[in-house]
Amino acid sequence: MNKCRGFEVVKGFENQEVKMPVRKTKHSAGYDIEAVEDCTIPVFEPGVKPTLIKTGIKAYMLKDEYLMLCNRSSNPFKKGLVLANSVGIIDCDYYGNLDNDGHIMFAFYNFASNPTEIKKGEAIRTSYFSKVFSF
């Protein structure tokens, strides 16, 4: 049986109780992805790199697809969190990457007035599989 698209645990996280992304409702457009460990995102300061949130997962998909990573709509207003790259794109050939096995991590800046805590198991982003369009 050939794999079409889905998620797997990355190497090194097999014993971390990683939860696979799920669609929370029948008509959800995307999958909720959770943090695999607790972390703190400091208040933004110029020159400081974004904080990477680990998920412990990688995605496999068809050759003409990509995974689009979007911020949860509540993150900017409730937590002051914005994605450093606005929208993340995971290419089909990132799966099994030699450097990190294709580990999906999210880069956040925190524009709140205090550091923001992310707890293990907290939904941090929504993702969508999409087709690549050629022009």
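Engineer: Quick question: what am I supposed to make of the sheet that holds strand S8 (residues 88-91) here?
Structural biologist: What links the strands of a sheet is backbone hydrogen bonding, and the strands pair in either a parallel or an antiparallel sense. In spatial order, the strands read S2-S11-S6-S8; together these four strands make up an open sheet with antiparallel pairing. Each edge of the sheet is formed by a strand with only one pairing partner; in this case those strands are strand S2 (31-34) and S8. Going from strand to strand, the sheet's axes swing by 35° on average, the running direction of each strand aside. Bridging between strand S6 (residues 65-71) and strand S11 (residues 123-131) involves seven bridges; their strand directions are antiparallel. Bridge pairing links Leu67 to Phe129 in S11.

Engineer: Would you take a moment to explain the nonpolar core for this structure?
Structural biologist: Nonpolar side chains in soluble globular proteins tend to be buried together. The biggest cluster of nonpolar side chains holds 25 residues, and the ones touching the most others in it are Leu67, Ile104 and Phe108. Only S2, strand S3 (39-41), strand S5 (57-60), S6, strand S7 (81-83), strand S9 (105-110) and S11 provide two or more residues apiece to this core. When sequence neighbours within four positions are dropped, the list of residues in contact with Leu67 reads Phe7, Ala59, Met61, Gly88, Ile89, Ile90, Ile104, Ser127, Tyr128 and Phe129.

Engineer: What is the right way to read the pairing of S9 from this model?
Structural biologist: When a strand is regular, its side chains alternate between the sheet's two faces. Alignment of strand S4 (residues 51-54) against S9, held across four bridges, turns out to be antiparallel. The residue bridging Lys54 from the neighbouring strand is Met105, located in S9. Where S7 lies against S9, three bridges are found, and the strand directions are antiparallel. When the sheet's bridge partners are listed, Leu83 is paired in S9 with Phe108.

Engineer: Whenever I open this one, the pattern of salt bridges confuses me. Can you help?
Structural biologist: Tallied over the entire structure, the rule returns five salt bridges. Its salt-bridge partner being Arg72, residue Asp32 comes within 3.4 Å of it at the nearest N-O pair. Of this pair, Asp32 sits in strand S2 while Arg72 sits in the loop between S6 and helix H1 (75-79), and the two are 40 residues apart along the sequence. Between Lys79 and Glu122 there is a salt bridge, with the nearest N and O atoms lying 1.8 Å from each other. Of the two residues, Lys79 sits in helix H1 while Glu122 sits in the loop between strand S10 (116-118) and S11, which places them 43 residues apart along the sequence. Accessibility expressed as a relative area gives 23% for Lys79, which makes it partly exposed. Residue Glu122 is classed as partly exposed on the basis of its relative accessible area, which comes to 21%. What emerges from the salt-bridge pattern is a single network uniting Glu8, Lys58 and Asp101.

Cut-offs applied
Throughout, a residue's number is its position along its own chain's written sequence, starting from 1. Residue-level local features of this predicted model are given only where pLDDT is at least 70; pairs of side-chain atoms are given and counted only at 80 or more, and the full residue set underlies all totals for whole chains, interfaces and linings. Just so you know, side-chain values use all the structure's heavy atoms and leave hydrogens and water out. Here the rule is simple: two strands pair whenever DSSP picks up at least two bridges between them. Only DSSP runs of H or I with at least four residues qualify as helices, and only runs of E with at least two residues qualify as strands; both kinds are numbered from the N terminus onward. Lines fitted to C-alpha atoms define the axes here, with helix axes fitted over just the stretch in contact, and angles between the N-to-C directions of these axes take values from 0 to 180 degrees. Here the nonpolar core consists of buried residues drawn from Ala, Val, Leu, Ile, Met, Phe, Trp, Tyr and Cys, with membership extended through side-chain atoms lying within 4.5 Å. Exposure classes here rest on a 1.4 Å probe applied to the protein chains alone. A residue is buried below 20% of its type maximum, exposed above 50%, and partly exposed in between. Only heavy atoms enter the contact rule, under which two residues are in contact if any of them lie within 4.5 Å. A pairing counts as a salt bridge when a side-chain nitrogen of Lys or Arg comes within 4 Å of a carboxyl oxygen of Asp or Glu.

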